[in-house]
Amino acid sequence: MPAPPPHGLIYLDHSATTPIDPEIAARMRDADDRFPGNPSSIHAAGRAARLCLEEARSALAGSLGMPAESVIFTGSGSEANNLAIAGTLLEHAGRPAHLIVSAIEHHSVLHCARALAARHDGVTLTEIACGADGRIDLDAIADAIRPATRLISLMLVNNETGVIQPVAEAAHRARDRGIRLHVDAVQALGRLPLDLPALGADLLTLAAHKARGPRGVGALLVRPGCGLAPLIHGGTQENYRRAGTENLAGAVGMAEAVRRAVAATDAHRRHLARLERIFLDTLTGQAAAGPRFELNGCATAKVPGILNLAFEGVRQDDLVVGMDLAGVAISAGSACSSGVIEPSHVLAAMNLPPWRRDGGVRISFGSTNTEQEARQAAARLAELARRLATSTAHG
Ligand SMILES: Cc1ncc(COP(=O)(O)O)c(C=O)c1O
């Protein structure tokens, strides 16, 4: 069995996942203990479990100002993204369907859209480019729209750079043309206000584990009146939109994580901004002795707490491994399922110089991080980058 994280580890990979809040974990255990029944059973234990589930649904929807029936609980943010895209296309089955996504979407959007276009006649896909600042090109979206366009899927905050995407503006261009907008808001939860009507979103994806909730629970919010075909068939759960016995404790944990994240968004943003400032100031203070470094992504249009940095002449895997050995968890772009660092499709789409594209590492702060951790981590990163740049230059 792998060893648990060492005591004293500075965890700066909150965009991959966040540590569960102990109070949320306790609520989940309590829900499991108190409601052992299947929410679909008609006996008292089943009815009590159903009530608990529906309360979680109402609470989650209420945190976002939506009606309870707009929530479909899923097994992950990835599943919610797949459901939004494939569920929309299946709803239009038999008619030509054109999809628009950006080239910097999470793989659960990109790979789903590509697979649908590759496997289904009549489904076509346009991938929208982004600028060197990491922002999606709005004009390219307007140019890509065709009569058969059914869905535009865009993320609100990029998971590798933290750059905020012009989703509401994109919605504006799609409005009145009957095109659905799906917003992947997984990285925006707790970092930006989430208001579906203001965003112009018909569908919105969330994942509990990015905001101190449980792993393996997500939700798709669906605007009332927006039809969606199920991907998982079987029972009538989730209002016929996702079959399978519900993850009751997960739903309870997710509802509470979303409630807390939404309520604390302003305070959380201030905390993250402070940590980011300290981190960057410490790094800049030590930069004279080390290699040049750059922030990948627009500094003025990003959420606080997610930084993508590249150091000239230093490889990203050396930085990730070196920082791990120095007791700091950071990542190379998104969390990958294979455990192998792969080139970032996000940094590639930004058309950056090779050293910034291949060298980018992601540092993502969370609510449990302290100012001292930000300072210490930056000092260790500066020292490591200096050492690596020197050894490369002399190697
Ligand atoms: C922007 C974005 N969308 C979707 C996902 C997928 O969420 P999950 O890990 O719950 O499948 C992630 C996860 O990193 C993400 O960052």
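Draft legend 1. Here's a closer look at the side chain of Ser 108. Secondary-structure assignment places Ser 108 in helix H4 (residues 107–119). Take Ser 108: its relative accessible area is 8%, and that puts it in the buried class. At a separation of 3.0 Å, a polar atom in the side chain of Ser 108 contacts the side chain of Asn 81. Those residues in contact with Ser 108, other than ones at most four positions away along the chain, are Ser 78, Asn 81 and Asn 82.

Draft legend 2. The arrangement of the nonpolar core in detail. The biggest cluster of nonpolar side chains holds 63 residues, and the ones touching the most others in it are Leu 60, Ile 152, Leu 156, Leu 206 and Met 254. Considering each element in turn, this core owes the most residues, seven residues, to helix H9 (residues 248–263). Excluding residues within four positions of it along the chain, Leu 60 makes contact with Val 71, Phe 73, Leu 206, Ala 219, Met 254, Ala 255 and Val 258.

Draft legend 3. Representation of the packing of aromatic side chains in the model. This model, assessed by the stated rule, comprises two aromatic pairs. Both rings, one in Phe 279 and one in Phe 365, keep their centres 5.5 Å apart while their planes meet at 75°; by these two values the pair is edge-to-face. Here Phe 279 is found in helix H10 (residues 265–285), whereas its partner Phe 365 is found in the loop between strand S12 (361–364) and helix H14 (371–394), with 86 residues between them in sequence. According to the relative accessible area criterion, Phe 365 is buried, its value standing at 1%. Ring centres of Phe 293 and Phe 311 lie 5.5 Å apart, and the angle between their planes is 35°; on these two criteria the pair is classed as tilted. Of this pair, Phe 293 sits in strand S9 (residues 293–295) while Phe 311 sits in strand S10 (residues 306–311), placing them 18 residues apart in sequence.

Draft legend 4. Just the pattern of salt bridges, in detail. What the rule picks out here adds up to 26 salt bridges. Taking the shortest distance from any N to any O, the salt bridge between Glu 371 and Arg 274 comes out at 3.1 Å. Note that Glu 371 is positioned in helix H14 and Arg 274 in helix H10, a separation of 97 residues in sequence. According to the relative accessible area criterion, Arg 274 is partly exposed, its value standing at 41%. Bridged by salt links that share partners, the residues Asp 21, Glu 23, Arg 27, Glu 256, Arg 259 and Arg 260 form one connected network.

Draft legend 5. Layout of the site of the ligand. In the region of the ligand, 14 residues are neighbours, and Gly 77, Ser 78, Asp 184, Gln 187 and Lys 210 sit closest. Contacts to the ligand include Lys 210, whose side-chain N or O atom sits 2.6 Å from an oxygen atom. When the ligand sits alone it has 390 Å² of accessible area, and the protein chains cover 89% of it. A total of three residues in the shell around the ligand trace back to one element, the largest contributor, which is helix H3 (residues 77–91).

Draft legend 6. Representation of the sheet that holds strand S3 (residues 97–102) within the structure. Spatial ordering of the open sheet is given by S2-S8-S7-S6-S5-S3-S4, a layout of seven strands whose pairing is mixed. The two strands at the open ends of the sheet, each matched to only one other strand, are strand S2 (71–74) and strand S4 (123–128). In this sheet, adjacent strand axes meet at a mean angle of 20° when their direction is disregarded. Two elements, S3 and strand S5 (residues 149–155), share four bridges in a ladder whose sense is parallel. Bridge pairing in S5 places Val 101 opposite Ser 153. Contacts from H3 reach S2, S3, S4, S5, strand S6 (180–184), strand S7 (203–207) and strand S8 (218–222), with the element oriented near 160° to S7. The sheet strands contacting H4 are S3, S4, S5 and S6, and the helix crosses S4 at an angle near 145°.

Conventions adopted
- Residues numbered from 1 in each chain as written.
- Predicted model: local features only at pLDDT ≥ 70, side-chain atom pairs only at ≥ 80, totals over all residues.
- Heavy atoms only, no water.
- Helix = DSSP H or I, 4+ residues; strand = E, 2+ residues; numbered from the N terminus.
- Buried < 20%, exposed > 50% of the residue type's maximum accessible area, 1.4 Å probe, protein only.
- Polar contact = N/O pair within 3.5 Å; in protein donor to acceptor, adjacent residues only side chain to side chain.
- Contact = heavy atoms within 4.5 Å.
- Core = buried A, V, L, I, M, F, W, Y, C linked by side-chain atoms within 4.5 Å.
- Phe/Tyr/Trp six-rings, centres within 6.5 Å; stacked < 30°, edge-to-face > 60°.
- Salt bridge = Lys/Arg side-chain N within 4 Å of Asp/Glu carboxyl O.
- Near = heavy atom within 4 Å.
- Areas by Shrake-Rupley, 256 points an atom, 1.4 Å probe, with all protein chains shown as cover.
- Pairing = 2+ DSSP bridges.
- Axes fitted to C-alpha atoms, helices over the stretch in contact; angles between N-to-C directions.

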